[in-house]
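A structural walkthrough
Residue strings, one per chain:
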Amino acid sequence: MMRNLKFTAAAAAAAFIVLVPDMAQAQRVAPVLKPTPLPGLVYDAEFFPGASHDPAVPTVESVLGFREGARAATTAEVKRCLDAWAAASPRVRVIEYARSHGGRPLHYVVITDPANLKRLDEIKAGFAKLADPRKLAGGEADKLVDSLPGVAWLAYTIHGDETEGTDAALAVIHHLAAARDKPTAALLRDLVVLIDPVENPDGRDRFLKMIAEARGVQPNVDDQSMVHTGYLPYGRTNHYGFDMNRDLLYGTQPETVGRWRVIQEWNPQLAVDSHGMGSQESFLFSPPRAPMNPYYPERYQHWAELFGREHGEAFDKQGWTYYTGEWNEGWYPGYMDTWPSIRGAVGILYEQARMSDDGVRRADGSIQSYREAVHGNVVSTMANLATFQRNAKEMRRDFHNHRLAALDPTGPFGSRSWAVLPSDNRGRLAAFASCLEQQGIEVLVLDGPLTVAKATDQFGRDREDVTLPAGTLIIPNKQPLGHLAALLLDFDPQIPEPSLKHEREELLKKGNSSIYDMTSWNLTMMHGLEALAIPAAIEGEGTTPFAATKTAARPAPLADSAVGWVADGADDASVVFAARLMEHGIRVRIADKAFEFDGAPNVRGSVIVSRRDNAADSANLATRIGLIAGECGVDARAIGSGFGKGDLPDLGGGHFRLLERPRVAVLTRGGVSTGDFGTVWHLLEQTLAIRNSQISDEDTGYDLRRYNVIIIPSYYGDGLKEAFAKDLRAWVDSGGTLIATGGSAGIFTTDKTAIGSTRKLPGALDEIEPFRQQVLREWLAAEGAMPDTAQLWARDVAAEVSYPWRTDDKDGPEAKELKRRDEWQKLFMPQGAILAGRVNTEHWLTAGAGAILPIVTADGPVLLAPSGVESPVRYGVFGAADGEEADGEEAKANAQPSFVGWSAMPPGRKLTLRMSGLLWPEAAQRIANSAYLTRESIGKGQIILFAGRPTFRAAALGTQRLMMNAIVAGPGIGTTGAIIP
């Protein structure tokens, strides 16, 4: 084959096989002409000019059959190299630290002087002491700072289609393992270098398969070609579509949890994360621009600027261009370079202009080859290691001082704590505590009640003399990882005013945000748990470490029953239990109202298995249910009677709704958001363990009767194909449950593809009054509002009756003005804030939710629901207006609604909306009182719309419960099922 760099035997085996016909047939085929020359495509520069390498350590080419950086290596090829080097070099050790969802191993390579390699446990133990100064004896810190080598964590290709980093890592590993020069030997005496060459093996291999499919004989330098881009779902994300460079705060993916363990084990002082960006870009590296997260180490900016300056000097020698800052800001802390920084390391990001094959024609007419892009990462890595070597001792000292600062009782972290209140949702509370502990943060549990003089709630409201009940989780801020604890738990870190000013200018001038990711990420809010900030250190006496309170799973057999078995619905695991029961063919009911059987209360959403419902398959029923309950981690109990005391529901009544096993299809590809689809898929497979099918609106002719739930994740396209939308309407009408999230919810609120009566701004503004009145109707119903009793029983007709709208000719802005305001308000919609939702705590969709629900809000539509559409969750929580009692007689006498944006406000009330993150006043007016979640009956079926993404990053467990309810309970509770004769 002519392009031997691409079509070696190894490459063919890794990519695809070219079938050759028999010789007689081959003679009739015209020979393939040689490619025309492309000046600049061949890049022959030596990565390590003049270096002498030990011939006993095999090169990349000798292992794989192609030169380092000639093309992208698959994960299997990477592993072959690692195994060969571990066997051949006394400087190398390879360690598997996790397995991906796709079953692929993740490795890091330890490269250091053989003497260091023999004392790795000693080195790790030394840094564990520096990381926790409470373990140090007098003068021991200085000795460790003087004697330990520096530890660097270098990670590549967390986005699988940013391929260059991995191939650079192979070149660097070989050089460090085999180089025979004195500077390399000195570097490895001074440093322990940890290299993760493939952070995302599933995404990388998926992408390389796409590239192989698009590769031809002729070189391609057009960066629009699929040989450089791939196709949906591309390779950026892992198997389930997660951007793992956003997962470092939440650890929802096994790759992240593995990296947590490694970084805590080693406590590196340098953490590098290598990325790729647009192919017409140059090269970006640290330091980032403002706004900077307030929990970075004190001297982070000093080190970032030093590394950046010396990084630039290395590029200047090559004649390469680069830049820092610009789009790269330092606010969101969930990246692979920022999370280690908060722990005390110096985190470095760099981004190479990416390509996937051959090279790319740039705007100036030149060609940048793939191998040159790989070289850029090699030079960057070696420049960073050189800077680190020269400054390792001072960086060790700063690492230690960062941890010391968190323990200072007079410092900003020494005299405060957080309290997370007990919850019947034990699984979610345990998941929260586990998330903290796996990141190295200490969590305590109160042994008994404790009264604190002052506390602040999640809305920033001060409270006095608060009694914390036994079982409250306590996170003291005075601990070695106090900066990380504050980062995760402070309710409302605020962006500095100069950066806010810049952001507003960008919005006004360009209509684009300068903020790269979310502006809020609080862990208690994401989990939907009630928490308090306490200006006092709570530790020691009266508490027990959370880890010590964990109990092993109890595989105890479930007792037999006269009528059935119950699992309480407070815990999210109850929904999983219901789903798994149905997957096993067991019929299930869910209560839409609280009840009490055999003297034990249960909340709405509780799961009931009736013996009568399962009479046709009752063999070993209690045993089967007990096994499934154990798998799901729920407590199920047998009930001897289905009688509900007093007005409470009885088992044979209408409050125990028989469910139908969800038969789920999820829309993917086309205009569907890969990330939102991935979190839905992850929920179905990894949490609920429900079989599901993926369908695409790129195809037609589906038999939708096979499904009773269809989920359409957030959609970015122009809209669904008309034929598919028509089929969906008919399917819903015949009994289907349609669930749409984020951008896709807006598709079903426009005239062309509308299903139901929900509308979105600005389309509803011409007929806004029904939507305003519905807000007031819901409020009046929730308040239990009644007319004056004397008027109620009067014989005569009252001269005046109050109405839930203004009667003084001040009916709010007209449609034309509302539309003009809406266009302005849209400019300021949040980039990613946490807002408060008020919850209808009687609706089946909100089982497991309290009266207030934190909601991650970003780019979704603003939904308006008129009469006839249920809105179980709306944006904003009502409270008494400042300076007056909402229930006072004077307020009642002068009751007139006011207006907030498009909506009417109940008299004497204020609306609290923002919990955390940046929310401009204009956007608050637009979002206030809109529906986050709507449900509407359509024929025998229903449509459920989420204005946002309820499964956001698999970390928003509060809103994720709503989605779980919709999927598992929807086919039974919200639709009219057929009785099969």
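Residues numbered from 1 in each chain as written. Predicted model: local features only at pLDDT ≥ 70, side-chain atom pairs only at ≥ 80, totals over all residues. Heavy atoms only, no water.

Details of the overall build of the protein
Along its length, the protein carries 31 helices and 41 strands. Taken against the 2.2 N^0.38 rule, which gives 30 Å for 981 residues, the C-alpha radius of gyration of the protein at 31 Å falls within 12% of a compact globule. Judged by the C-alpha coordinates and their principal axes, the protein covers about 105 × 85 × 65 Å. The burial tally for the protein puts 57% of its 981 residues in the buried class. Element-wise, carbon and sulfur atoms account for 52% of the exposed surface of the protein, whose accessible area totals about 40,200 Å². (Helix = DSSP H or I, 4+ residues; strand = E, 2+ residues; numbered from the N terminus. Rg over C-alpha atoms; globule rule 2.2 N^0.38 Å. Buried < 20%, exposed > 50% of the residue type's maximum accessible area, 1.4 Å probe, protein only. Areas by Shrake-Rupley, 256 points an atom, 1.4 Å probe, with all protein chains shown as cover.)

A short note on the packing of helix α8 (residues 164–178) against helix α15 (residues 370–407)
Direction vectors running N to C along α8 and α15 enclose 55°, while the axes themselves pass 8 Å from each other. Taken together, the axes of α8 and α15 are oblique relative to one another. Considering how the two elements wind past one another, α8 and α15 form a crossing that is right-handed. Two secondary-structure elements touch here, α8 through Glu 164, Gly 165, Asp 167, Ala 168, Ala 171, Val 172, His 175 and Leu 176 and α15 through Tyr 370, Ala 373, Val 374, Asn 377, Val 378, Thr 381, Met 382 and Leu 385. The class makeup of the residues in the contact of α8 with α15 is 10 nonpolar, four polar and two charged. (Axes fitted to C-alpha atoms, helices over the stretch in contact; angles between N-to-C directions. Parallel < 35°, antiparallel > 145°, perpendicular 65-115°, else oblique. Left-handed = near helix turned anticlockwise from the far one by under 90°. Contact = heavy atoms within 4.5 Å. Nonpolar A, V, L, I, M, F, W, Y, C, P; charged D, E, K, R; others polar.)

Topic: the sheet that holds strand β19 (residues 564–567)
Pairing is antiparallel in the open sheet, where five strands are placed in the order β24-β19-β23-β20-β25. What marks the edges here is a single partner per strand, and that holds for β24 (636–639) and β25 (656–658). The mean angle between the axes of side-by-side strands here comes to 30°, regardless of whether they run parallel or antiparallel. Relative to strand β23 (residues 607–610), β19 runs antiparallel, the two being bridged by four bridges. In the strand pairing of β23, Val 566 is matched with Ile 608. (Pairing = 2+ DSSP bridges.)

Notes on the packing of aromatic side chains
For the structure shown, the criterion picks out 25 aromatic pairs. Considering the side-chain rings of Phe 283 and Phe 285, the 6.2 Å spacing of their centres and the 55° angle between planes classify their relative orientation as tilted. Note on Phe 595 and Phe 597: the rings are 4.9 Å apart at their centroids and 45° apart in plane angle, and the pair reads as tilted. The pair Phe 595 / Phe 597 is uniform in exposure class, with both members buried. Members of the aromatic cluster, connected to one another through ring pairs, are Phe 283, Phe 285, Phe 315, Trp 320, Tyr 322 and Tyr 350. A cation over an aromatic ring shows up here: Arg 371 above the ring of Phe 47, its NZ or CZ 4.2 Å from the ring centre. (Phe/Tyr/Trp six-rings, centres within 6.5 Å; stacked < 30°, edge-to-face > 60°. Lys NZ or Arg CZ within 6 Å of the ring centre and 35° of its normal.)

Re the confidence of the model for the protein
Per-residue confidence for the protein gives a mean pLDDT of 92, with 93% of residues at or over 70. Predicted confidence is poor over residues 889–894, with pLDDT under 50, and the contacts of this stretch with residues over four places away or in other chains come to four contacts. (pLDDT = per-residue confidence, 0-100.)

Comments concerning the environment of Gln 253
Tracing the chain through its elements places Gln 253 in the loop between α11 (226–229) and α12 (254–266). Relative accessible area serves as the criterion here: at 1%, Gln 253 is assigned to the buried category. Residues Gln 253 and His 101, 152 residues apart in the sequence, show an inter-C-alpha distance of 8.3 Å. Not counting residues within four places of it along the chain, the set of residues in contact with Gln 253 comprises His 101, Asn 238, Phe 242, Met 244, Asp 247 and His 682. Separated by 2.9 Å, the side chains of Gln 253 and Asn 238 make a polar contact. Looking at Gln 253, its side chain comes within polar contact range of the side chain of Thr 252, at 3.0 Å. (Polar contact = N/O pair within 3.5 Å; in protein donor to acceptor, adjacent residues only side chain to side chain.)

Focus: the sheet that holds strand β6 (residues 283–285)
Strand order in the open sheet formed by seven strands is β1-β2-β4-β3-β5-β9-β6, with mixed pairing between adjacent strands. Strands with a single pairing partner mark the edges of an open sheet, and in this sheet they are β1 (92–99) and β6. Across the sheet, the axes of successive neighbouring strands diverge by a mean angle of 20°, strand direction being ignored. Where strand β5 (residues 270–277) lies against strand β9 (residues 346–353), eight bridges are found, and the strand directions are parallel. Bridge assignment links His 275 to a residue of β9, and that residue is Glu 351. Packed on one face of the sheet, α15 meets β3 (150–156), β4 (191–196), β5, β6 and β9 and runs near 165° to β9.

What about the nonpolar core?
Membership of the largest hydrophobic core comes to 254 residues, with the highest contact counts inside it found for Phe 577, Leu 688 and Phe 748. For this core, the element with the most residues is α15, which contributes 11 residues. Contacts of Phe 748, omitting those with residues within four sequence positions, involve Ile 712, Leu 720, Leu 728, Leu 738, Ala 740, Thr 753, Ala 754, Ile 755, Thr 758, Ile 943 and Leu 945. Core analysis: the next-biggest nonpolar cluster, separate from the first, contains 12 residues, Ala 455, Leu 468, Ile 474 and Ile 538 among them. (Core = buried A, V, L, I, M, F, W, Y, C linked by side-chain atoms within 4.5 Å.)

Focus: a nonpolar patch on the surface
Together, Met 786, Leu 792 and Trp 793 line one region of the surface with nonpolar side chains, adding up to about 420 Å² of accessible area. Relative to the helices and strands, Met 786 resides in the loop between α26 (769–783) and α27 (789–792). On the accessibility criterion, Met 786 (63% relative accessible area) is exposed. (Patch = residues over 30% accessible without salt bridge, like charges linked within 9 Å, V, L, I, M, F, W, Y side chains within 5 Å. Salt bridge = Lys/Arg side-chain N within 4 Å of Asp/Glu carboxyl O.)

A word on the side chain of Asn 692
Locating Asn 692 in the fold gives a position in strand β27 (residues 692–696). Polar contacts involving the side chain of Asn 692 include one to the side chain of Glu 685, which spans 3.3 Å. Among the polar contacts listed, one links the side chain of Asn 692 to the backbone oxygen of Ile 690, at a separation of 3.0 Å. Contact partners of Asn 692, with chain neighbours within four places excluded, come to Val 664, Trp 681, Leu 684 and Glu 685.

Re the pattern of salt bridges
If you walk through the whole model with that rule in mind, you get 57 salt bridges. The partner of Glu 68 in a salt bridge is Arg 371, with the nearest N and O atoms 3.5 Å apart. One end of the pair, Glu 68, is in the loop between α3 (60–64) and α4 (75–88); the other, Arg 371, is in helix α15, and 303 residues separate them in sequence. Each member of the pair, Glu 68 as well as Arg 371, is classed as buried.

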